[in-house]
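# Working through the structure, step by step
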Amino acid sequence: MSLNRKFYERDTAEVAKDLLGKNIIHREDSQVFKGKIVETEAYFGPEDPASRAKDEKTKINENMWKKGGTTLVYMVHSYWLFNIATEGNDIPGAVLIRAVEPLEGIEFMKLRREREREKELASGPGTFTQAFGITKDHHGIDVTSSDTLSVEQGERDVEPSEIKYSHRIGVTEDLERELRFFIGDNGHVSR
C-alpha cells in the first residue's frame, strides 16, 4: 500500500529522512522494479540556493508547489533525476531520491545499466532512474495513488542511529544545514 499524502505534506527534511528504508516500486508492462531507498536529499523553496525553486515557478519546477506526493523529474548531465514534492499548501519542497538498493527486477536493471555488480545499478540519482526506467514521462505522477509508480513501507523502519548526514552533493551553493540523508552502513549509497 502506497504511503499517503499526509506522509509527504510535512517538513521536507523530515520526509527525506523518513523515506530511508521505504520501497520504491515501478511497474512497467509486466515487469516490476523494486528497491529500498537508501539515500535522499531535501530541497526547499526560494531561500534554498541549491533548489529548483530558488528563482521562480517554471514548467519544470512547478510541481514543487503542488500537493505532496507529486513527482518532479528533470534532466541533469543526460540523466533524469527523480524527486517527490513535499510540504503542500503552495509551499515548495521536494526530496531527491539519490540511491536505491535493488530488490526486484535486478536482471532487467543489469541490462539497462550494462553492469553486473548490484552496487553499480542504482547507487546515484541518475543511475537509479536509468535502472528503474524512470523518464520525463513520470513527471507529475501522484505516487500516493498511481498504479505504476509508488512508495511503500519497507521491511522495517530505519533507526535514527543508522541515519548519517552530510551536505548535498554536486551543488555549487548550499545551506549551512546538512540536508543529505543516508543509511550509513549500506553499500548502495552513492560515493
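Whatever comes next refers back to the structure up there.
Predicted, not measured: the structure shown is a model, and the values here were computed from it.

### Examining unusual backbone geometry
For Asp 29, which is not a glycine, the phi torsion comes out positive at approximately 55 degrees. With respect to the element layout, Asp 29 can be found in the loop between β1 (23-28) and β2 (31-43). Judged by its relative accessible area of 82%, Asp 29 falls in the exposed class. Even without being glycine, Glu 114 reaches a positive phi, approximately 55 degrees.

### Points about the pairing of strand β5 (residues 94-104)
For β5, a buried count of nine out of 11 residues is recorded, marking the element as mostly surrounded by other parts of the structure. Here β2 pairs with β5 via nine bridges, running antiparallel. Note that in β5 the partner of Ile 37 across the bridge is Val 100. With three bridges joining them, strand β4 (residues 79-85) and β5 adopt antiparallel strand pairing. Residue Ile 84 lies in a different strand from β5, and its bridge partner there is Val 95.

### Description of the pattern of salt bridges
Here the structure, examined in full by the defined rule, presents 19 salt bridges. For Glu 101, the salt bridge goes to Lys 36, with nearest N and O atoms at 3.7 Å. Taken together, the residues span a long stretch of sequence, with Glu 101 in strand β5 and Lys 36 in strand β2 at a distance of 65 residues. The class of Lys 36 is partly exposed, set by a relative accessible area of 26%. Ionic contacts of the salt-bridge type, sharing partners, join the residues Glu 39, Glu 41, Arg 98 and Arg 180 into one network.

### So, the packing of aromatic side chains
In this structure the tally under the stated criterion is six aromatic pairs. Measuring from centroid to centroid gives 6.2 Å for Phe 33 and Phe 132, while their planes differ by 50 degrees, and the two rings are tilted. Of this pair, Phe 33 sits in strand β2 while Phe 132 sits in helix α4 (residues 125-132), placing them 99 residues apart in sequence. Just as Phe 33 is buried, Phe 132 falls in that class too. Judged by centre distance (6.1 Å) and plane angle (70 degrees), the ring pair of Phe 82 and Phe 128 falls under edge-to-face. Taken together, the residues Phe 82 in strand β4 and Phe 128 in helix α4 connect sequence positions 46 residues apart. By relative accessible area, Phe 82 is classed as buried at 0%. Clustering of aromatic rings is evident, with ring pairs tying together Phe 33, Phe 82, Phe 108, Phe 128 and Phe 132. One cation-aromatic arrangement involves Arg 10 over Phe 7; the distance from NZ or CZ to the ring centre is 4.8 Å.

Definitions and cut-offs
- Within each chain, residue numbers correspond to sequence positions counted from 1 in written order.
- Whole-chain, interface and lining totals are the exception, using all residues; otherwise, since this is a predicted model, local features are given only for residues with pLDDT of at least 70 and side-chain atom pairs are given and counted only at 80 or more.
- Each side-chain value is derived from all of the structure's non-hydrogen atoms; neither hydrogens nor water enter the calculation.
- Secondary structure elements follow DSSP: runs of H or I no shorter than four residues count as helices, runs of E no shorter than two count as strands, and numbering proceeds from the N terminus.
- Any residue under 20% of the maximum accessible area for its type is buried, any over 50% is exposed, and the rest in between are partly exposed; the area is computed with a 1.4 Å probe on protein chains only.
- Think of it this way: DSSP has to see at least two bridges between two strands before they count as a pair.
- The term salt bridge refers to a pairing of a side-chain nitrogen on Lys or Arg with a carboxyl oxygen on Asp or Glu at a separation within 4 Å.
- Side-chain rings of Phe, Tyr and Trp (the six-membered ring for Trp) are treated as a pair once their centres are within 6.5 Å; stacked means planes under 30 degrees apart, edge-to-face means over 60, and tilted covers the remaining angles.
- Think of it as a cone above the ring: NZ of Lys or CZ of Arg counts as a charge over the ring if it is within 6 Å of the ring centre and within 35 degrees of the ring normal.

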